[in-house]
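Per-entry structural report
Take a look at the letters that make up each chain.
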Amino acid sequence: MTTRGWYKERTLTTVDTVGREVSVTTGLTRDPEGRLVAAIAISDGPTAIYRYSGEVGEDTELVTNAADTVKELRRLASMGPTI
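The sections below set out a description of the structure shown in this document. (Residues numbered from 1 in each chain as written. Predicted model: local features only at pLDDT ≥ 70, side-chain atom pairs only at ≥ 80, totals over all residues. Heavy atoms only, no water.)

Now for the pattern of salt bridges. By the definition in use, this model includes 4 salt bridges. The partner of Arg35 in a salt bridge is Asp31, with the nearest N and O atoms 2.7 Å apart. Given the relative accessible area of 39%, Arg35 is considered partly exposed. With relative accessibility at 7%, the residue Asp31 sits in the buried group. (Salt bridge = Lys/Arg side-chain N within 4 Å of Asp/Glu carboxyl O. Buried < 20%, exposed > 50% of the residue type's maximum accessible area, 1.4 Å probe, protein only.)

Laid out in structure tokens, this is it:
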């Protein structure tokens, strides 16, 4: 059962920076103009579109930024508590 009415909705539960449970939902939905879009939302907060249907290219800026952030976390975590 979907909670937002999206297509191909996927939701996982994690915690925020103070330890409260939050849900992170990704899926396909429609923007105000009716275009099919890929989107992400955290709990009951707003939805962010990260790809419009018909866009070309392998990754979007949002997906690339998220992957780069995880790489940076891994790099800094291996250095120990220096920051």
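Continuing now.
What follows deals with the sheet that holds strand S2 (residues 21–30). In space, the 4 strands of this open sheet follow the order S1-S2-S3-S4, with antiparallel pairing throughout. The open sheet has two edge strands with one neighbour each: strand S1 (7–15) and strand S4 (47–52). Strand-to-strand twist across the sheet, computed as the mean angle between neighbouring axes with direction ignored, equals 20°. Alignment of strand S3 (residues 36–42) against S4, held across 5 bridges, turns out to be antiparallel. Each bridged residue has a counterpart across the sheet, and for Ile40 the counterpart in S4 is Ala48. (Pairing = 2+ DSSP bridges. Helix = DSSP H or I, 4+ residues; strand = E, 2+ residues; numbered from the N terminus. Axes fitted to C-alpha atoms, helices over the stretch in contact; angles between N-to-C directions.)

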